[in-house]
Amino acid sequence: MLLLLSADSLFVFFNNIWDYMYRLKPVALFGGESYYELQVTPLFYVHYLIVFMLVVFCLITLFFRSFTAPKFYRKKYLTIALITMVLAILNIFTVSSAVDVSVIGYVVEAITIYYCAFVYTPQKLLYKTVFRITQDMSVGLLVLDTVGKELYCNTCAEALFSIKDSYRNVEGITLKDWCYNQFINGSANLQEEHSFYRRGDEAVFKIHLQRLMDNNKQLQGGYFVIQDRTEEINESKRERYLATHDSLTGVYNKDYFCEKVRKYLDKYPETEFLVICTDIKEFKIINDSFGTTTGDIVLKNVAKILKEDIKGTVACGRIGSDVFGILMPKKNFTEESFLEIRSEDFQNGMEGGMTLPVVTHVGIYEVTERDLPVSVMCDRARMAIHDIKHDYLTRIAYYDGKVRENILKEQELVHDLEQALAEGQLKMFLQPQTTVDGKLLGTEALVRWEHPEKGWIGPGEFIPVFEKDGFIIHLDYFVWEESCKLIAKMKSEG
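Everything numeric in this text was worked out from a predicted model, so none of it was measured.

J.: Go over the packing of aromatic side chains, please, and point to the residues and values.
T.: Applying the stated criterion to the full structure yields 15 aromatic pairs. Ring plane angle 50° and centroid distance 6.0 Å describe the contact between Phe-196 and Phe-205, whose orientation is recorded as tilted. On the basis of relative accessibility, which here comes to 1%, the residue Phe-196 falls in the buried class. Looking at Phe-205, the relative accessible area reads 0%, which means it is buried. Ring plane angle 65° and centroid distance 6.0 Å describe the contact between Phe-429 and Trp-456, whose orientation is recorded as edge-to-face. With a gap of 27 residues between them, Phe-429 in strand β13 (residues 426–434) and Trp-456 in strand β15 (residues 455–457) connect regions that are remote in the sequence. Through a chain of ring-to-ring contacts, three or more aromatic side chains come together here, namely Tyr-22, Phe-44, Tyr-45 and Tyr-48. Taking NZ or CZ as reference, Lys-76 lies 5.0 Å from the ring centre of Tyr-77, over its face.

Spelled out as structure tokens, the structure:
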């Protein structure tokens, strides 16, 4: 179409010079009146054919667009197509007429094309696009005029402003009325978060009010943007909860427990505190005998008792597999509150009950050195449990300097045992077994430790340590082997 239009335009333009398509010839009428006669050549009809083809192509294109273009554009294409078709028909019937009225139609068509191209399309398209965007927005949009009259409210805002089930704040004011009050009674823009309630459920909205001013600072209206941040805030709370709490028991995890304890110690420097650790006796046996599901129930019950039933607890956390930590003001502590907990309290929720008693040991560290890391305070409370871990009668122990010394001493003995076996520091002795009249029946094999630095160490010092740590089996093997060697030697000597 562009090529045809360009060629025809050149033909018409250069015809003014060479008159090869048509020319105007003056003709005198009777009485001296003159007029111009149009004299055409065969090329003139080529010009007509090109124009006809252009009209046909335009109509085909416009009608095609009218049925295939988006709905918004169809009206524009159809209007221009109908006007063009009417002009083509007028041209056909007035082609031999002295006056071509279709020229007026071309003016109308030109104005129509201008309106559709430069006025209708941008303005209507902008309006429709903005309308569609705002309708589909995930935030509420409320537009008001200068006196607070509603001009526009998108779909999201309509849902928030539902009359049947409105969001209301603690004072009973609906969300929509609250927005109107802020616009009418306030004077500044705002961006705030407020809680509203619907059917007892809390929703947190981030509300932004923007007032619109003209160049003379006169109010032209304003709009509210209302964003529901409930899910985002709840998700943030969930993430924070998972980051700070033990997923099984619901109490603080180790890191957050230490953080909370440090904050309490710093906030209340004059208060005397206790760091208390509890340890479930033989928890591994519970897991092995009854399964981890039962073990988890026991842990949940322990956490619930420590958090809810022990009065005066200010922080409670799970700091190990079956170890829980508590921070408590010293004035709130009583041994009875821990001793009164029965084994049955830990078995709540078990299927068929348990046959193995659940016992907890309690270690207590009085916070005298407040600058110590909280993890060290917990370690000291757990050290206190060390001495009573195999004691069925004693359930509460207190940390002092001797506890630490004893633990270090035990660790030294355990560390030195392997070297003692390799270097022959352990010595076997025989203790006779006789009748009341002195007749020899046999002997009992005993062991003593001749330490190169500490001298002779009695069995009362190292055997209990080895029994607790499982090293006693190495000592058993040693005594058995030495006994067998002695028997073999005595037999060989007759």
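J.: Quick rundown of a nonpolar patch on the surface? Include the residues and the values.
T.: On the surface, a cluster of nonpolar side chains totalling about 580 Å² of accessible area is made up of Leu-78, Leu-82, Met-85, Ile-89, Ile-92 and Phe-93. Looking at the element boundaries, Ile-92 is found in helix α3 (residues 71–94).

J.: Please provide a residue-by-residue account of the confidence of the model for the chain, values included.
T.: In the predicted model, the chain carries a mean pLDDT of 85, and 93% of its residues have values of at least 70. Strand β9 (residues 315–318) holds the highest mean pLDDT among the elements of the chain, 95, whereas helix α14 (residues 401–423) holds the lowest, 71.

J.: How would you explain empty space enclosed by the protein if you had to name every residue and give the values?
T.: The full count for this structure, using the stated rule, is 1 cavity of 30 Å³ or more. Put simply, the largest cavity is a space of about 40 Å³. Lining of the largest cavity is provided by Thr-278, Val-302, Ile-305, Leu-306, Phe-338, Ile-341, Phe-346 and Thr-360. With 3 residues, the top contributor of residues to the lining of the largest cavity is helix α10 (residues 292–309). Grouping the amino acids of the lining of the largest cavity by side-chain chemistry returns 6 nonpolar, 2 polar and no charged.

J.: With reference to specific residues and values, describe the pairing of strand β4 (residues 150–153).
T.: Here strand β3 (residues 140–144) runs beside β4; their pairing, made up of 3 bridges, is antiparallel. By the bridge assignment, Leu-142 is partnered in β4 with Cys-153.

J.: With reference to specific residues and values, describe the packing of helix α1 (residues 2–18) against helix α2 (residues 42–68).
T.: As a packed pair, α1 and α2 sit with axes 10 Å apart at the nearest point and diverge in direction by 150°. Taken as axis vectors, α1 and α2 run roughly antiparallel relative to one another. In this structure, α1 meets α2 at a crossing whose hand is left-handed. Contacts from Leu-4, Leu-5, Asp-8 and Val-12 of α1 reach α2 at His-47, Ile-50, Val-51, Met-53, Leu-54 and Phe-57. Residue composition of the contact of α1 with α2, grouped by class: 8 nonpolar, 1 polar and 1 charged.

The rules behind the values
Residues numbered from 1 in each chain as written. Predicted model: local features only at pLDDT ≥ 70, side-chain atom pairs only at ≥ 80, totals over all residues. Heavy atoms only, no water. Phe/Tyr/Trp six-rings, centres within 6.5 Å; stacked < 30°, edge-to-face > 60°. Buried < 20%, exposed > 50% of the residue type's maximum accessible area, 1.4 Å probe, protein only. Helix = DSSP H or I, 4+ residues; strand = E, 2+ residues; numbered from the N terminus. Lys NZ or Arg CZ within 6 Å of the ring centre and 35° of its normal. Patch = residues over 30% accessible without salt bridge, like charges linked within 9 Å, V, L, I, M, F, W, Y side chains within 5 Å. Areas by Shrake-Rupley, 256 points an atom, 1.4 Å probe, with all protein chains shown as cover. Salt bridge = Lys/Arg side-chain N within 4 Å of Asp/Glu carboxyl O. pLDDT = per-residue confidence, 0-100. 1 Å grid on protein atoms, 1.4 Å probe; cavity = no way out; pocket = protein on both sides within 12 Å on 5 of 7 lines; lining within 4 Å. Points joined across faces, edges and corners; volume = space filled by probe spheres on them. Nonpolar A, V, L, I, M, F, W, Y, C, P; charged D, E, K, R; others polar. Pairing = 2+ DSSP bridges. Axes fitted to C-alpha atoms, helices over the stretch in contact; angles between N-to-C directions. Parallel < 35°, antiparallel > 145°, perpendicular 65-115°, else oblique. Left-handed = near helix turned anticlockwise from the far one by under 90°. Contact = heavy atoms within 4.5 Å.

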